[in-house]
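Chain and residue survey
Now for the letters of each chain:
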Amino acid sequence: MEQQQRGGRRILVVEDEPTIAESIAVRLRAEGFTVDLAHDGPAAVTAAETTEPDLIVLDVMLPGFDGLEVCRRVQARRPVPVLMLTARTDETDMLIGLGVGADDYLTKPFSMRVLCARVHVLLRRVERTADHGATILVGDLRIDIDQRRVWRADAETQLTPLEFELLVHLARRPRAVLPRERLLSEVWGWADASGTRAVDSHIKALRRKLGADLIRTVHGVGYALEAR
Ligand code: CA
């Protein structure tokens, strides 16, 4: 049963270096995935539209336009987990700072074993949310959307409606850095960015109620939920 489900999973690998692309594809196919390949930015966006992948492995430096632009265009149409491949550790830090919407990063060179492990973690995270329908689980944080209830390490916490919306928003994209302006527009519905202090104060409230380690500040950018 599980084998069947895994066999149905489709992964788009976007990488312009043929040997790397091929070895990733070979390994993922051996794991039972259906793999499509794209070698530049525009082809990646087209492939994401036509194949509707369950996950994208995405190199940053690409011909045409880069992986950041691919990520933006693809995510604007349909949310899909993205594992970004970067050339250097400082590039990874930079990308996390930009909050490009990737769910995880891997610095080259990497082992195929590590790549596969990350792929499985990302897919499990998506499944977990889907399986439980209206429940979000991130580490020891549990959110029941229908009942609007929140627990951390099995202790229930009362949140205001706005705090609840903000937490759900962060928890739907764990580890991803969400810019304050985006939170303001998506949670508060404000078009202009003059109210980002409202975001800061509600983050403060969430940390007070659920633990300071739950939400990470990325200075000058925004916040990421880090529950483990
Ligand atoms: Ca490249």
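The model shown is predicted, which means the values in this text are computed figures rather than measured ones.

1. Digging into the pattern of salt bridges
Throughout the structure, instances matching the rule amount to 17 salt bridges. Residues Arg 216 and Glu 226 are paired through a salt bridge, measuring 2.4 Å at the closest nitrogen-oxygen approach. Placement of Arg 216 in strand 11 (residues 215-218) and of Glu 226 in the segment after strand 12 (222-225) is noted, with a sequence separation of ten residues between them. Linked by salt bridges that have partners in common, Glu 15, Glu 17, Asp 59 and Lys 108 make up one network.

2. Concerning empty space enclosed by the protein
Taken as a whole and judged by the stated rule, the model has one cavity of 30 Å³ or more. There is about 60 Å³ of room inside the largest cavity. Around the largest cavity, the lining residues are Val 45, Ala 48, Glu 49, Glu 52, Arg 73, Val 74, Arg 77 and Arg 78. Looking at the lining of the largest cavity, the elements with two or more residues in it are helix 3 (41-51) and helix 4 (67-77). The class makeup of the residues in the lining of the largest cavity is three nonpolar, no polar and five charged.

3. As for the packing of aromatic side chains
Scanning all chains against the criterion turns up zero aromatic pairs. Looking at Arg 73, its charged tip hangs above the ring of Phe 65, at a distance of 4.1 Å from the centre. Over the ring of Trp 151 we find Arg 142; its NZ or CZ atom is 4.1 Å from the centre of that ring.

4. Considering the nonpolar core
Membership of the largest hydrophobic core comes to 27 residues, with the highest contact counts inside it found for Leu 141, Ile 143, Leu 167, Leu 170 and Leu 225. Among the secondary structure elements, those contributing two or more residues to this core are strand 6 (135-138), strand 7 (141-144), helix 7 (161-171), helix 8 (180-188), helix 9 (196-210) and strand 12. If one sorts the elements of this core by residue count, helix 7 sits on top with six residues. In this structure, Ala 48, Val 70, Ala 102 and Tyr 105 belong to the second largest nonpolar core, which totals 22 residues.

5. A few points about the sheet that holds strand 9 (residues 155-157)
Ordered in space as 6-7-8-9, the four strands form an open sheet in which the pairing is antiparallel. The open sheet has two edge strands, strand 6 and strand 9, and neither has a second partner. Adjacent strand axes in the sheet meet at a mean angle of 20° when their direction is disregarded.

6. As for the pairing of strand 11
With four bridges joining them, strand 11 and strand 12 adopt antiparallel strand pairing. Bridge pairing in strand 12 places Thr 217 opposite Tyr 223. If you look at the hairpin formed by strand 11 and strand 12, you'll find three residues sitting between the two strands, and Gly 220 has a positive phi there, around 80°.

7. So, the coordination of the calcium ion
Six octahedral donors around a metal ideally sit at 90 or 180 degrees from one another, while four tetrahedral donors ideally sit at 109.5 degrees. Around the calcium ion, the protein supplies Asp 16 (OD), Asp 59 (OD) and Met 61 (O) as donor atoms, at distances of 2.1 to 2.4 Å. All donors of the calcium ion belong to a single chain; written as a sequence motif, their spacing is D-x42-D-x1-M. Of the two residues, Asp 16 sits in the loop between strand 1 (10-14) and helix 2 (18-30) while Asp 59 sits in strand 3 (residues 55-59), which places them 43 residues apart along the sequence. Overall, Asp 59 belongs to the buried group, its relative accessible area being 3%.

8. Things to note about the sheet that holds strand 12
The antiparallel open sheet is built from three strands, whose spatial order is 10-12-11. The strands lining the two open edges of the sheet, one partner per strand, are strand 10 (178-179) and strand 11. Across the sheet, helix 7 touches strand 10, strand 11 and strand 12, and the angle it forms with strand 12 is around 75°. In the packing of helix 9 onto the sheet, the strands contacted are strand 11 and strand 12, and the crossing angle to strand 11 comes to about 145°.

9. Structural notes on unusual backbone geometry
Following Lys 108, the chain continues to Pro 109 via a peptide bond in cis, the omega torsion being -5°. One can find Pro 109 in the loop between strand 5 (104-107) and helix 6 (112-131). The phi dihedral of Glu 52 falls on the positive side, at around 45°, and the residue is not glycine. Turning to its location among the elements, Glu 52 is positioned in the loop between helix 3 and strand 3. In the Ramachandran plot, Ala 153 falls in the positive-phi region, its phi being about 45° despite a non-glycine side chain. Positionally, Ala 153 belongs in the loop between strand 8 (149-152) and strand 9. Here Ala 153 falls in the exposed class, since its relative accessible area comes to 52%.

Calculation notes
Residues numbered from 1 in each chain as written. Predicted model: local features only at pLDDT ≥ 70, side-chain atom pairs only at ≥ 80, totals over all residues. Heavy atoms only, no water. Salt bridge = Lys/Arg side-chain N within 4 Å of Asp/Glu carboxyl O. Helix = DSSP H or I, 4+ residues; strand = E, 2+ residues; numbered from the N terminus. 1 Å grid on protein atoms, 1.4 Å probe; cavity = no way out; pocket = protein on both sides within 12 Å on 5 of 7 lines; lining within 4 Å. Points joined across faces, edges and corners; volume = space filled by probe spheres on them. Nonpolar A, V, L, I, M, F, W, Y, C, P; charged D, E, K, R; others polar. Phe/Tyr/Trp six-rings, centres within 6.5 Å; stacked < 30°, edge-to-face > 60°. Lys NZ or Arg CZ within 6 Å of the ring centre and 35° of its normal. Core = buried A, V, L, I, M, F, W, Y, C linked by side-chain atoms within 4.5 Å. Buried < 20%, exposed > 50% of the residue type's maximum accessible area, 1.4 Å probe, protein only. Pairing = 2+ DSSP bridges. Axes fitted to C-alpha atoms, helices over the stretch in contact; angles between N-to-C directions. Donors = N, O, S within 2.8 Å, 3.2 Å for Na, K, Ca; no water. Contact = heavy atoms within 4.5 Å.

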